[in-house]
Amino acid sequence: MGNVLKSIRLDNYILKAYYKAFIVVYVIAIIIGIIAKIPALTVAIVVVITAPFIGTYFSVYEKNNLSKLYGILPLGKFEVVIGRYLYALFLSIINGIVSGILAYIISLFLNKGMDRLTFITYLSASFLYFCLFIAVQFPIYFKYAFSKVYIFSNLPFYLVFVIGAYILNKTDILKSLSQIIQYFTSHQNMIWVTGIGLGLILLIISCPLSYLIYKKNEL
Amino acid sequence: MNNVIEIKNLCKNYKDFSLNNISFSLPTGYIMGFVGQNGAGKTTTIRLILNMTDRTGGDIKIFGMDNIKDEQKIKQDVAVVFDDIYFVKNWTVYEVEKALKSFYVNWSSTLYSQYVSSFHLPVDKKVKDLSHGMKMKLMLAVAMSHEAKLLILDEPTSGLDPVARDELLEILSAYISDGQKSILFSTHIVSDLEKIADYITLIDKGNLFYTGTKDYLLESFFVIKGGPDDLTNPLREKIIGLTKNNTGFSGLMPASEMKHLSKEIITETPSIEEILVCISKREGNHG
Amino acid sequence: MRIIIKNTSKEPIYEQIKEQIKEAILSDELSEGDMLPSIRQLARDLKISVITTTRAYTDLEQEGFIAIQQGKGCFVLPKNSEIVHEQLLRKIEDSFLTAVNAGKIAKLSHNELINILEFIMEENRYE
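Residues numbered from 1 in each chain as written. Chains lettered and ligands numbered in written order. Predicted model: local features only at pLDDT ≥ 70, side-chain atom pairs only at ≥ 80, totals over all residues. Heavy atoms only, no water.

**Q** When you look at the sheet that holds strand β14 (residues 266–268) of chain B in this model, what are you seeing that I'm missing?
**A** Sheet strands line up and pair through hydrogen bonds in the backbone, either parallel or antiparallel. Residues and elements named next belong to chain B. Taken in spatial order, the four strands line up as β12-β13-β11-β14 in an open sheet, and their pairing is antiparallel. Looking at strand neighbours, the two that pair on one side only are β12 (240–245) and β14, the edges of this open sheet. For this sheet the average axis-to-axis angle between neighbouring strands, irrespective of direction, equals 20 degrees. Pairing of β12 with strand β13 (residues 248–254), which is carried by four bridges, proceeds in the antiparallel orientation. The partner of lysine 244 across the bridge, within β13, is phenylalanine 249. (Pairing = 2+ DSSP bridges. Helix = DSSP H or I, 4+ residues; strand = E, 2+ residues; numbered from the N terminus. Axes fitted to C-alpha atoms, helices over the stretch in contact; angles between N-to-C directions.)

Here it is, written out as structure tokens:
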């Protein structure tokens, strides 16, 4: 376990210089939250953007010859991989908490109170999206150089928006969707369970896959 | 005999290159020069030692332990200096220590600050703003702060000016002076090794040419030079890496073949560089 | 003690070290019991291979000039008069040989060569 913690700490040091980018993210997320009068949107934006942010780790890795560093350190490959997933998870949780507090303050500011359902929905959905993003990207980045695949690995997520827009234009699909929505409105706790559970399952599937890929890779 | 490195029949096949049956060992407390032209397989061998790539065959023991099975234990006591730095370029010299020290059981912050100040490294400067020589010293400072028992240098001098190269040799001489630490020094700039190396391992196009003490290598060969008429056919066959022109010829010859040379032929003790050049020129050298 | 390594010299480095330490002992610059730098210290100071200094020291030990003690270091042995005498004789022979060879090239006669020797001996008040 010690080495996994060290691996997480190292990831933190490697990305430290880039954390200031979150100031911009937070400012934008707060402004959008206020304008849209949906404080939960702030949380969603921050959590969603955390995912591609973690992708920059692999860009830093490539630009700084870190394969050599990892080749030298007394650190197993499994510890590296699991450390990276945990690091991603921690970062999203911390961002979720910080932006959640901000959202609460915004709601006080807007004199609106936090709508529990909206909050849960936005948070769960953004977390699920975050996990999907990580689960798809990490195995790709463990395999290929960041600069070669980064546009390609982002494509699925552009598709998510295209498909989303398509669905919203089709009333028949929306009808069947409304059943699901109804289910979730009456079982609000299931929103948590589905979003977070599904997200974690995606990560748990993706992690060993990344390990197998990374193990075979030459550093 | 106590060997830090023991490599037996190491093989690695790539599509366009293969490392064949490399064997050598480095006794504790000495410096081994690992010599060969670019592309001879030096870096591949080092990557295999560090288990950064899988070997096709053979055996590597470091401190008497298998380099794959006991990889993490071994790496506690191994440090590497590459020709380009592998720390995050945004880190300051100070942050390099913070990021790395927890990985090493033997890390000493006192030693790190000692080395940083004796190497004149500015603590607040970022890695990317350091000169080539300073980057190398920073890697050395990290290596020495966890008192690595085996220091591996992969072409550390290729971008360095003569002053920095001399400083490096001084640092290395001091580092092994307690007799407990050993150095594998890979380079194609052989003049660096001419004095300081105890052992030489010479590889050429993926094949081992020589491994043993430097003195024995230099005693085993002679450079011979002569006029155009001195080059008889039987002589021609014995010369390694013959160079011929209108005024004469020169080449390398095993010491065992030196007995029947005519008096007109001049013989000289070779430098490692001359040996390297001649063997890479020899005929029938496949690869 | 001074040891200077000439890179241009044809003599191998271990030989140069050996000769210079010997000189120092014969000329009483180093005397019995004096400590020499350790093998590794000398290698470090001269920035040369440990094997080279080891060879120089073991040769000196074999010739009876110094003793190497594990962990304690190396020190100068009492000058063995026989060895010293032997060494000096060899040196004299070598120097004469050089002179004779030069004489051959200059085509000096037997007597002319002897005369030069006598002249030098007189100059230096050789008894």
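Having seen the model, we can carry on.
**Q** In this structure, what is going on with the interface of chain C and chain B? I would like to understand it.
**A** A common way to report how large an interface is uses the accessible area buried once the components associate. If you look at the interface, chain C gives 13 residues, while chain B gives 21 residues. Interface of chain C and chain B: buried area, both sides summed, is about 1400 Å²; carbon and sulfur atoms make up 50% of it. Of all residues in chain C, the largest losses of buried area upon contact with chain B belong to Arg40, Lys47 and Ile51 of chain C, amounting jointly to 49% of the total for that side. Our enumeration of links across chain C and chain B arrives at four salt bridges. Among the salt bridges present, the one from arginine 55 of chain C reaches glutamate 219 of chain B, with a minimum N-O distance of 3.1 Å. Our count for the contact surface shared by chain C and chain B stands at ten residue pairs in polar contact (both at pLDDT 80 or more). Contributing elements (two or more residues each) for the side of chain C that touches chain B: α2 (39–46) and α3 (50–62) of chain C. Of the residues belonging to the side of chain C that touches chain B, the class tally is six nonpolar, three polar and four charged. (Contact = heavy atoms within 4.5 Å. Buried area = accessible area lost by both parts, 1.4 Å probe. Salt bridge = Lys/Arg side-chain N within 4 Å of Asp/Glu carboxyl O. Polar contact = N/O pair within 3.5 Å; in protein donor to acceptor, adjacent residues only side chain to side chain. Nonpolar A, V, L, I, M, F, W, Y, C, P; charged D, E, K, R; others polar.)

**Q** What's the story with the interface of chain A and chain B in this structure? I'm lost.
**A** In this complex, chain A contributes 27 residues to the contact, which on the side of chain B involves 27 residues. Of the roughly 2500 Å² buried where chain A meets chain B, counting both sides, 55% is carbon and sulfur surface. At the junction of chain A with chain B, the criterion picks out one salt bridge. Between aspartate 84 of chain B and lysine 68 of chain A there is a salt bridge, with the nearest N and O atoms lying 2.8 Å from each other. In this assembly, chain A and chain B are joined by ten residue pairs in polar contact (both at pLDDT 80 or more).

**Q** Please clarify how the nonpolar core should be interpreted in this entry.
**A** Generally speaking, soluble globular proteins have nonpolar side chains that are buried together. One finds Tyr70 of chain A together with Phe87, Trp91, Leu138, Leu140 and Leu151 of chain B to be the most contacted residues of the largest nonpolar core, which totals 170 residues. Residues within four places of leucine 138 of chain B in sequence aside, it is in contact with Ile85, Phe87, Val93, Val96, Tyr112, Leu121, Val127 and Leu130 of chain B. Core analysis: the next-biggest nonpolar cluster, separate from the first, contains nine residues, Leu235, Ile239, Met258 and Ile265 of chain B among them. (Core = buried A, V, L, I, M, F, W, Y, C linked by side-chain atoms within 4.5 Å. Buried < 20%, exposed > 50% of the residue type's maximum accessible area, 1.4 Å probe, protein only.)

**Q** What should I look at first to understand the packing of aromatic side chains in this one?
**A** The description of an aromatic ring pair uses the distance of the two centres, along with the angle that the planes make with each other. Across all of its chains, the model carries 24 aromatic pairs over all chains by this definition. Measuring from centroid to centroid gives 5.9 Å for tyrosine 129 of chain A and phenylalanine 133 of chain A, while their planes differ by 50 degrees, and the two rings are tilted. With a gap of four residues between them, tyrosine 129 of chain A and phenylalanine 133 of chain A both fall in helix α6 (residues 116–143), about one helical turn apart. Residue phenylalanine 133 of chain A is classed as buried on the basis of its relative accessible area of 3%. Here the aromatic rings of tyrosine 115 of chain B and phenylalanine 119 of chain B are separated by 5.6 Å at their centres, their planes lie at 40 degrees, and the arrangement is tilted. A relative accessible area of 8% places phenylalanine 119 of chain B in the buried class. An aromatic cluster is built from Tyr57, Phe58, Tyr61, Tyr70, Tyr85, Phe138, Tyr141, Phe142, Phe146 and Tyr214 of chain A, whose rings are joined through pairwise contacts. Sitting over the face of the ring of tyrosine 214 of chain A, lysine 77 of chain A holds its NZ or CZ atom 5.5 Å from the ring centroid. (Phe/Tyr/Trp six-rings, centres within 6.5 Å; stacked < 30°, edge-to-face > 60°. Lys NZ or Arg CZ within 6 Å of the ring centre and 35° of its normal.)

**Q** I would appreciate a short explanation of the packing of helix α5 (residues 77–109) of chain A against α6 of chain A in the present structure.
**A** Packed helix pairs are specified by the crossing angle of their axes together with the interaxial distance, meaning the distance between the axes. Residues and elements named next belong to chain A. Put simply, α5 and α6 touch, their axes get as near as 11 Å, and they point 155 degrees apart. In terms of orientation, α5 and α6 fall into the roughly antiparallel class. The two elements α5 and α6 meet at a crossing, and its hand is right-handed. In this structure, α5 uses Val81, Arg84, Tyr85, Ala88, Leu89 and Ser92 to contact α6, whose residues at the interface are Phe127, Phe130, Ile134, Phe138, Pro139 and Phe142. Among the residues making up the contact of α5 with α6, the classes are represented as ten nonpolar, one polar and one charged. (Parallel < 35°, antiparallel > 145°, perpendicular 65-115°, else oblique. Left-handed = near helix turned anticlockwise from the far one by under 90°.)

**Q** So what exactly am I meant to see when it comes to the layout of surface pockets here?
**A** Rolled over the atoms, a probe with the dimensions of a water molecule shows which regions are left empty. Residue and element names in this part refer to chain A. In this structure, the largest pocket spans a volume of roughly 1300 Å³. Of all the secondary-structure elements, those providing two or more residues to the lining of the largest pocket are α3 (39–63), α6, α7 (146–169), α8 (171–186) and α9 (188–216). Class assignment of the residues belonging to the lining of the largest pocket gives a composition of 29 nonpolar, eleven polar and no charged. Empty space within the second largest pocket amounts to approximately 800 Å³. (1 Å grid on protein atoms, 1.4 Å probe; cavity = no way out; pocket = protein on both sides within 12 Å on 5 of 7 lines; lining within 4 Å. Points joined across faces, edges and corners; volume = space filled by probe spheres on them.)

**Q** How should a negative patch on the surface be read in this particular structure?
**A** Where like charges cluster on the molecular surface, the negative patch consists of Glu82, Glu86, Glu93 and Asp94 of chain C. By the secondary structure assignment, glutamate 86 of chain C is in helix α4 (residues 81–106). (Patch = residues over 30% accessible without salt bridge, like charges linked within 9 Å, V, L, I, M, F, W, Y side chains within 5 Å. Areas by Shrake-Rupley, 256 points an atom, 1.4 Å probe, with all protein chains shown as cover. Lys, Arg positive; Asp, Glu negative; His and termini not counted. Charge placed at Lys NZ, Arg CZ, Asp CG, Glu CD.)

**Q** Is there a simple way to explain the domain arrangement of chain C in this structure?
**A** Residue and element names in this part refer to chain C. Here the domain parsing of chain C yields domain 1 (13–76) and domain 2 (81–123). Taken together, the contact between domain 1 and domain 2 spans six residues of the former and four residues of the latter. Counting the surface lost from both domain 1 and domain 2, the interface buries some 410 Å², and carbon and sulfur atoms represent 59% of this. Applying the counting criterion to the domain 1 and domain 2 interface returns one salt bridge. Among the ionic pairs, glutamate 23 bridges to lysine 91, the shortest N-O distance being 2.7 Å. For the pair domain 1 and domain 2, the interface holds one residue pair in polar contact (both at pLDDT 80 or more). (Domains from an automatic or database assignment.)

**Q** Quick question: what am I supposed to make of the sheet that holds strand β2 (residues 66–69) of chain C here?
**A** Residue and element names in this part refer to chain C. Taken in spatial order, the three strands make up an open sheet running β1-β3-β2, and their pairing is antiparallel. Both edges of this open sheet fall to β1 (35–36) and β2, since each of them pairs with a single strand only. Pairing analysis gives two bridges linking β1 to strand β3 (residues 73–76), with the strands arranged antiparallel. The residue bridging leucine 36 from the neighbouring strand is cysteine 74, located in β3. Against the sheet, α3 makes contact with β1, β2 and β3, and its axis sits at roughly 120 degrees relative to β2, the strand it touches most.

**Q** Explain a nonpolar patch on the surface here, please?
**A** Taken together, the side chains of Phe90, Ile93, Ile94, Ile97, Val98, Ile101, Tyr104, Ile105 and Leu108 of chain A present a nonpolar region at the surface, about 860 Å² in accessible area. You can see leucine 108 of chain A is positioned in helix α5.

**Q** Before we go on, may I ask you to explain unusual backbone geometry in this structure?
**A** Phi is mostly negative for residues that are not glycine, and the peptide bonds are mostly trans. Residues and elements named next belong to chain B. Even without glycine at this site, asparagine 21 takes up a positive phi of about 50 degrees. Locating asparagine 21 in the fold gives a position in strand β2 (residues 18–27). A positive phi angle is found at histidine 120, which is not glycine, with a value near 55 degrees. Inspection of the secondary structure assignment puts histidine 120 in the loop between α4 (109–118) and α5 (132–145). Its relative accessible area of 62% is what places histidine 120 among the exposed residues.

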